[in-house]
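Residues per chain, in single letters:
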Amino acid sequence: MCLAVPGKVLDIEERDGTRMATVDFGGVVKEVCLEYVPDLQVGEYAIVHVGFALQRLDEESARQTLALFEELGLLQEEFGDPWEAAAAPPGWDETAGGADAAPAAAAGDGAREAGR
């Protein structure tokens, strides 16, 4: 799933003629292009989609959205390490509690077996 996620601008620099920022998305830091919001400043929040800041956002709305995304597990889904996810064993569901949680597929296996 691709989300537009609010993030806080930590610093700004020009790189090869493009205005770029380091943005914090609730603890996950990524590089973001600011060309669509050229007047965005350090300390402000923006909605970011696929590496581009699209619109300025007030701090309260950004914090509420990030808290909701965290609660729903969407930040891990959006920003999780794809290599880590690919290496996870089949049925692994890190949003259900990580290594101590039962595999997500286990709950449905009995029902599938009974129907065969």
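That block above? That's the structure.
Residues numbered from 1 in each chain as written. Predicted model: local features only at pLDDT ≥ 70, side-chain atom pairs only at ≥ 80, totals over all residues. Heavy atoms only, no water.

Visitor: Which residues make up the pairing of strand β4 (residues 45-49), and what values go with them?
Guide: The element β4 is largely enclosed, with a buried count of four among its five residues. Inspection of the sheet shows β4 paired to strand β5 (residues 52-57) by five bridges, in the antiparallel sense. Residue pairing for β5: H49 is matched across the bridge by F52. Counting the residues in the hairpin turn of β4 and β5 gives two residues, including V50, whose phi is positive at 40 degrees. (Buried < 20%, exposed > 50% of the residue type's maximum accessible area, 1.4 Å probe, protein only. Helix = DSSP H or I, 4+ residues; strand = E, 2+ residues; numbered from the N terminus. Pairing = 2+ DSSP bridges.)

Visitor: Describe the side chain of R19, listing the residues and the values that go with them.
Guide: Its location among the elements puts R19 in strand β2 (residues 18-25). Of the buried charged residues, R19 lacks a salt bridge, with D39 as the closest side chain of opposite charge at 6.3 Å. Of note is the side chain of R19, whose polar atom sits 2.8 Å from the backbone oxygen of L40. If we skip the residues at most four places from it in the chain, R19 touches I12, E13, E14, V32, C33, L34, E35, V37, P38, D39, L40 and Q41. (Lys, Arg positive; Asp, Glu negative; His and termini not counted. Salt bridge = Lys/Arg side-chain N within 4 Å of Asp/Glu carboxyl O. Polar contact = N/O pair within 3.5 Å; in protein donor to acceptor, adjacent residues only side chain to side chain. Contact = heavy atoms within 4.5 Å.)

Visitor: Any chance you could break down the pairing of strand β3 (residues 28-33) for me, citing the residues and the numbers?
Guide: Where β2 and β3 come together, six bridges link them in antiparallel fashion. Within β3, the residue paired with V23 across the bridge is K30. Hairpin connection, β2 to β3: the antiparallel pair is bridged by two residues, and G26 has positive phi, about 60 degrees.

Visitor: So what's going on with the packing of aromatic side chains? Which residues, and what values?
Guide: Enumeration over the complete set of coordinates arrives at one aromatic pair. Centroid distance Y36 to F52: 5.4 Å. Interplanar angle 35 degrees. Geometry classified as tilted. Of this pair, Y36 sits in the loop between β3 and β4 while F52 sits in strand β5, placing them 16 residues apart in sequence. The exposure class of Y36 is exposed, given its relative accessible area of 57%. (Phe/Tyr/Trp six-rings, centres within 6.5 Å; stacked < 30°, edge-to-face > 60°.)

Visitor: Give me unusual backbone geometry: which residues, what numbers.
Guide: Residues other than glycine seldom take positive phi values, yet D16 does so here, at roughly 50 degrees. Along the chain, D16 turns up in the loop between β1 (5-15) and β2. The exposure class of D16 is exposed, given its relative accessible area of 81%. Non-glycine residue V50 carries a positive phi angle of around 40 degrees. Its place among the elements puts V50 in the loop between β4 and β5. By relative accessible area, V50 is classed as exposed at 59%.

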